[in-house]
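Commentary on secondary and tertiary structure
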Amino acid sequence: MSEPASRAPHPHQATLRRLEQSSGKLAAAAIARMDAQLPWYRAMPPENRSWIGLVAQAGIAAFTEWFRHPETPQAISTDVFGTAPRELTRAITLRQTVEMVRTTIEVMESAIDEVAAPGDESVLREALLVYAREIAFATAQVYAQAAEARGAWDARLESLVVNAVLSGEADEGAVSRAAALGWNSPEHVCVVLGTAPDGDSELTVEAIRRAARHAKLQVLTGVLGSRLVVIAGGSDNPLKAAKALIGPYAAGPVVAGPVVADLLAATRSAQAAAAGLRACAAWPDAPRPVLADDLLPERAMASDPVARDQLVEEIYRPLEEAGSALLETLSVYLEQASSLEGAARMLFVHPNTVRYRLRRVTDVTGWSPSDVRSAFTLRIALILGRLADGESQL
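A quick note: this is a predicted structure, and the numbers were derived from the prediction, not measured.

Rules behind the numbers
Residues numbered from 1 in each chain as written. Predicted model: local features only at pLDDT ≥ 70, side-chain atom pairs only at ≥ 80, totals over all residues. Heavy atoms only, no water. Helix = DSSP H or I, 4+ residues; strand = E, 2+ residues; numbered from the N terminus. Buried < 20%, exposed > 50% of the residue type's maximum accessible area, 1.4 Å probe, protein only. Contact = heavy atoms within 4.5 Å. Pairing = 2+ DSSP bridges. Axes fitted to C-alpha atoms, helices over the stretch in contact; angles between N-to-C directions. pLDDT = per-residue confidence, 0-100. Polar contact = N/O pair within 3.5 Å; in protein donor to acceptor, adjacent residues only side chain to side chain. Core = buried A, V, L, I, M, F, W, Y, C linked by side-chain atoms within 4.5 Å. Phe/Tyr/Trp six-rings, centres within 6.5 Å; stacked < 30°, edge-to-face > 60°. Lys NZ or Arg CZ within 6 Å of the ring centre and 35° of its normal. Salt bridge = Lys/Arg side-chain N within 4 Å of Asp/Glu carboxyl O. Arc of directions from axis to C-beta. Lys, Arg positive; Asp, Glu negative; His and termini not counted.

1. Some points on the overall build of the protein chain
Of regular secondary structure, the protein chain possesses 18 helices and 5 strands. Per-residue burial for the protein chain yields a buried fraction of 44% across its 394 residues. When contacts within the protein chain are restricted to residue pairs at least 6 apart in sequence, those whose partners lie at least 24 apart make up 68%.

This is the structure we're talking about:
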């Protein structure tokens with residue numbers, strides 16, 4: 001069939017025709033060289049090898065078309081990589097794709113003297129050089145788009161996991177989604193809550209990840225509304241973990257929930273941290289970050305039933321079981337404005353006896369009556385314990 005009158009013959013028609021006739025042979029040679037030189041190619045399943053073969057064939061066909069019309073913009077990434085499914089970018093790495101492209105280009109380059117018509121060798125070699133540059137850019141673009149798509153999907157998946165933990169809906173499905181994100185089920189998990197900074201939430205999340213890598217922590221994180229939520233794994237010290245991650249948080253309180261065993265139990269840590277964050281307004285001088293358990297009295301007064309039960313079960317009940325003398329001594333000591341002598345007079349005992357009993361209170365509860373903050377917590381625990389006893393007698 002003759003060339004249309006409106007279009008001049010190709011200046012290298014003979015070379016173009018020989019290139020078209022050799023495309024199948026070149027593709028076969030490229031596949032054979034990959035099989036001989038690339039161990040990862042030989043180890044792949046037959047289905048993936050067949051897709052790679054199609055990509056190599058498409059690449060040679062795209063070069064032929066590009067050589068035919070070098071002045072026409074070509075969507076090389078679509079022409080070449082569009083022949084394979086998107087999942088192929090997960091099956092082979094960028095490095096492997098580069099090796100595949102390099103091998104195909106080398107085969108084509110070695111065949112230039114055979115394919116080019118006499119006198120066209122330099123023209124075909126120069127065209128192949130330019131095309132190799134374009135295919136390199138196309139390869140980078142395909143993997144960049146795939147990485148962006150995976151990143152967007154991973155971010156949505158991570159938000160689902162974080163939201164499930166915060167809302168108390170974490171289940172085995174959330175654990176599976178976390179595993180897909182690289183969560184390796186560390187033994188110690190805690191949740192850190194604070195205010196998210198203004199600006200791009202993706203930059204905030206990336207800053208948290210950098211801080212976590214530096215502190216050797218695993219994290220699942222996200223910005224939910226105005227709150228920056230971090231589920232941190234790998235440390236049995238929640239305050240230390242919170243200090244390592246505090247940099248990206250906006251000004252304001254940052255609260256670390258208690259350590260729990262795993263992601264399924266992280267809801268308890270998250271709820272304690274959320275209750276502590278709400279109660280922080282009642283303790284303006286709270287340290288930053290602060291433990292949710294250090295906010296137990298404020299949380300109790302803010303109607304947090306977990307905090308109320310914790311104060312009763314961890315402070316009042318152990319003192320009650322240790323004997324009435326400890327409860328009575330602590331109550332009188334607090335009523336006497338933390339005066340050893342005043343408490344001793346009211347109890348008709350020596351001040352050293354009061355001092356001994358107060359040390360026992362510290363041993364039993366972990367809270368020291370001589371510390372102002374601890375004394376406040378102990379007083380609230382006594383009040384709540386007596387209320388609980390009164391209710392049980394009704």
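2. Points about the sheet that holds strand β3 (residues 227-233)
Taken in spatial order, the 5 strands line up as β2-β3-β1-β4-β5 in an open sheet, and their pairing is mixed. Across the chains shown, the open sheet's two edge strands, defined by having one partner strand only, are β2 (218-224) and β5 (290-291). As defined by bridge partners, strand β4 (residues 254-256) adjoins β5 across 2 bridges and the pair is classed as parallel. Directly across from A256, in β5, lies its bridge partner L291. Relative to β2, helix α10 (residues 201-215) is tilted by about 160 degrees, and along the sheet it contacts β2 and β3.

3. Quick notes on the confidence of the model for the protein chain
Here the protein chain averages 85 in pLDDT, and 88% of its residues register 70 or above. Contacts from residues 1-6, a stretch scored under 50 in pLDDT, to residues over four places away or in other chains number 2 contacts.

4. What about the side chain of R317?
Within the fold, R317 resides in helix α14 (residues 305-322). Within polar-contact distance, the side chain of R317 engages the side chain of D389 at 2.8 Å. If near-sequence neighbours (up to four positions away) are discounted, R317 is found in contact with V312, A388 and D389.

5. Focus: the nonpolar core
Counting 33 residues, the largest nonpolar core has M34, W40, I52, F63, M100, L124 and Y131 as its most contacted members. Broken down by secondary-structure element, the contributors of at least two residues to this core are α1 (13-37), α2 (39-42), α3 (46-68), α6 (94-110), α7 (112-115) and α8 (121-167). Examining the composition of this core, we find that 8 residues originate from one element, α3, more than from any other. Those residues within four positions of L124 in sequence are excluded, and the remaining contacts are T15, F63, F67, I112, V115 and A116. Core analysis: the next-biggest nonpolar cluster, separate from the first, contains 28 residues, I315, V332, L378 and I380 among them.

6. What about the packing of aromatic side chains?
Evaluated as defined, the whole model comprises 3 aromatic pairs. A ring pair is formed by W40 and Y41, whose centres lie 6.3 Å apart and whose planes are at 85 degrees; its orientation type is edge-to-face. Summarising the burial analysis for this pair, W40 and Y41 share the class buried. Through successive ring pairs, a cluster of aromatic residues spans F63, F67 and Y131. Its end group placed over the ring of W283, R373 keeps NZ or CZ at 3.5 Å from the ring centre.

7. Thoughts on the pattern of salt bridges
The tally for this structure, following the rule as stated, stands at 13 salt bridges. A salt bridge links E114 to K25; the nearest nitrogen and oxygen atoms lie 2.8 Å apart. Within this pair, whereas E114 is found in helix α7, its partner K25 is found in helix α1, the two being separated by 89 residues in sequence. Assessed through its relative accessible area of 54%, K25 is described here as exposed. Residue D113 pairs with R125 through a salt bridge whose shortest N-O separation is 3.7 Å. Of this pair, D113 sits in helix α7 while R125 sits in helix α8, and the two are 12 residues apart along the sequence. Residue R125 is classed as partly exposed on the basis of its relative accessible area, which comes to 36%. When salt bridges with common partners are traced through the structure, they connect E20, E65 and R68 into a single cluster.

8. Topic: helix α11 (residues 238-245)
When α11 is considered as a whole, its buried residues turn out to be P238, A241, A242 and L245. All buried residues of α11 fall inside an arc of 100 degrees around its axis, so they share one side. Looking at α11, the residues exposed on the side facing more than 90 degrees away from the buried face are K240 and K243. Close packing links the buried residues of α11 with β1 (189-195), α10, β2, β3, β4 and β5. Put simply, N237 is the residue that caps the front of α11, since its side-chain oxygen is 3.2 Å from the backbone nitrogen of L239.

9. Comments concerning the environment of G252
By the element assignment, G252 lies in the loop between α11 and β4. Taking relative accessible area as the criterion, G252 reaches 30% and is therefore assigned partly exposed. For the pair G252 and P289, spaced 37 residues apart in the sequence, the C-alpha separation amounts to 9.4 Å.

10. Structural notes on the pairing of β1
Each regular strand shows side chains that alternate between the opposite faces of the sheet. In terms of burial, β1 is a largely internal element, 6 of the 7 residues being buried. With 7 bridges connecting them, β1 and β3 associate as antiparallel partners. Within β3, the residue paired with V189 across the bridge is G233.

11. Considering the side chain of D120
Tracing the chain through its elements places D120 in the loop between α7 and α8. Buried within the structure, D120 lacks any salt-bridge partner; R18 is the closest side chain of opposite charge, at an N-O distance of 7.8 Å. Of the polar contacts made by the side chain of D120, one reaches the side chain of T15; its length is 2.6 Å.

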